[in-house]
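Now for the letters of each chain:
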Amino acid sequence: MDARRSEIWFFIVLLAITIFLAWLVLMPYLSAVVLAGTLAFLFQPLHEKILRAFRHETTAALTTVLLVTIIVFVPLGFFGARIFGEATALYSLLASHGGFDFGAAFAGFLKTHFENFDTTRIVASFNDYAQQGLTWLIQHIGSFFSGIAQLLFMAFLSILGLYYFLKDGERLKKWMVGIIPLAPEYSEEILKEMEAVGSSVVKGTLVVAIVQGVIVGLGFFLFNIPEPTFWAVIAIPASIIPVVGTWLVVVPALAYLFFTGQTILGVGLLLWSFALVNLAYNVLSPQLMHRGANIHPYLILLSVLGGIGLFGPIGFLIGPLVMALLLSLLKIYPKLVARQG
């Protein structure tokens, strides 16, 4: 009996050490795996249609991967280079106070409308604050785009992972259900909960955020805001913040237009933002989230922000999935206890 117990404890300790070492080995490539799984989830309906047409798993998976590469990775590479170029140009312009001195324009606006308003400190400090904020953005976005070789390698791993997720996804799911030391119905419940959260976050949050960012960028381009692609990317994470959302980016742009005397363009951008950005949120979000997970939106927001802080950009997906796993385990725990009793 003691030998049997020692054998079990030895196995548990060895398994824990091995899991820890495997985590250390795979951790650098976690973002590639998560991105591959997310793309497989998003493009699964397209893959199923292609599979019905070709009736061959390998051919269907390769065709889907080729289409995803054209739809996702090629535009990402193009816009990534453009965003970094615009951010650098915007920082250089602001650092040298070239072209447009926002602080002076703001001071002039106040002096015109409020004659007794003291503007001496505004010119001295306003551009400095704006420059500091933009420097922070450049540092974080710059670190994301600096390692081009690493990004290309991670993109390759994501594409390769996408192929295997599409080709062997069902077999992988059955393997996971079989290997989890829980009753099959509990394992299925956990996977369904995580799929629901993935649908809610990816479709109801990420897709809507991207659509809003594109609308903001297009509006900035049409209404003469400098470096519209850069600001469109900033609008994407801003859009997940309740109440304010993309207005964090739109309001400074409106101020820029009004302070520089471009009133007609400012009114146009204001109407554009009210109409199209709000329409995208109010119409798309309910349609995409109606089959999502039963998790409060505020909890999803916190898990998104916490995931980004812990894992970087890919934490947008990892954070809510971890929260979904926790909530599904808490939901299963009373059933498991009742079954043991």
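Below, the structure is looked at part by part.

### Comments concerning the overall build of the protein chain
In step 1: Along its length, the protein chain carries 13 helices and zero strands.
In step 2: In sequence order, the secondary structure elements of the protein chain are arranged as α-α-α-α-α-α-α-α-α-α-α-α-α.
In step 3: Residues counted as buried form 35% of the 341 residues belonging to the protein chain.
In step 4: The contacts of the protein chain with a sequence gap of at least 6 include a subset with a gap of at least 24, amounting to 71%.
In step 5: For the protein chain, the exposed area adds up to about 20,600 Å²; of that, 72% sits on carbon and sulfur atoms.

### Quick word on unusual backbone geometry
In step 1: Its identity is not glycine, yet arginine 55 carries a phi of approximately 55°, on the positive side.
In step 2: Summarising the element assignment, arginine 55 is placed in the loop between helix H3 (44–54) and helix H4 (57–95).
In step 3: The backbone of asparagine 224 shows a phi angle near 70°, a positive value even though the residue is not glycine.
In step 4: Within the fold, asparagine 224 resides in the loop between helix H8 (184–222) and helix H9 (228–238).
In step 5: Looking at asparagine 224, the relative accessible area reads 45%, which means it is partly exposed.

### Here's the deal with the packing of aromatic side chains
The relative placement of two aromatic rings is captured by the distance of their centres and the angle of their planes.
In step 1: Within the structure shown, the criterion is met by four aromatic pairs.
In step 2: Consider the rings of tyrosine 163 and tyrosine 164, whose centres lie 5.0 Å apart with planes at 70°: the pair is edge-to-face.
In step 3: With a relative accessible area of 14%, tyrosine 163 lands in the buried category.
In step 4: Here tryptophan 247 and phenylalanine 274 contribute two aromatic rings whose centre-to-centre distance is 5.1 Å and whose plane-to-plane angle is 55°, an arrangement assigned as tilted. Pair noted here: tryptophan 247 is in helix H10 (residues 247–259) and phenylalanine 274 is in helix H11 (residues 263–289), with a separation of 27 residues, a long-range link.

### Looking at the environment of threonine 64
In step 1: Within the secondary structure, threonine 64 is located in helix H4.
In step 2: According to the relative accessible area criterion, threonine 64 is buried, its value standing at 0%.
In step 3: Separated by 98 residues in sequence, threonine 64 and leucine 162 have C-alpha atoms that sit 9.1 Å apart.
In step 4: Excluding residues within four positions of it along the chain, threonine 64 makes contact with Phe43, His47, Ile50 and Leu166.

### Description of H10
In step 1: The terminal C-alpha atoms of H10 lie 17 Å apart, and with 13 residues this matches the ideal 18 Å at 1.5 Å per residue to within 8%.
In step 2: When we look at burial in H10, the residues that qualify are Val249, Val250, Ala253, Leu254, Tyr256, Leu257 and Phe259.
In step 3: The positive-phi residue at the C-terminal boundary of H10 is glycine 261, with phi of around 80°.

### A word on the pattern of salt bridges
In step 1: Per the counting criterion, the structure on display carries three salt bridges.
In step 2: Between glutamate 57 and arginine 171 there is a salt bridge, with the nearest N and O atoms lying 3.5 Å from each other. Pair noted here: glutamate 57 is in helix H4 and arginine 171 is in helix H7 (residues 148–179), with a separation of 114 residues, a long-range link.
In step 3: Exposure remark for glutamate 57: the relative accessible area of 38% places this residue in the partly exposed category.
In step 4: With its nearest N and O atoms 3.7 Å apart, the salt bridge here joins lysine 167 to aspartate 168.
In step 5: The class for lysine 167 is partly exposed, based on a relative accessible area of 24%.
In step 6: Each of Glu57, Lys167, Asp168 and Arg171 takes part in salt bridges that share partners, so that together they form one network.

Conventions and cut-offs
- Residues numbered from 1 in each chain as written.
- Predicted model: local features only at pLDDT ≥ 70, side-chain atom pairs only at ≥ 80, totals over all residues.
- Heavy atoms only, no water.
- Helix = DSSP H or I, 4+ residues; strand = E, 2+ residues; numbered from the N terminus.
- Buried < 20%, exposed > 50% of the residue type's maximum accessible area, 1.4 Å probe, protein only.
- Contact = heavy atoms within 4.5 Å.
- Areas by Shrake-Rupley, 256 points an atom, 1.4 Å probe, with all protein chains shown as cover.
- Phe/Tyr/Trp six-rings, centres within 6.5 Å; stacked < 30°, edge-to-face > 60°.
- Expected span 1.5 Å × (residues − 1).
- Salt bridge = Lys/Arg side-chain N within 4 Å of Asp/Glu carboxyl O.

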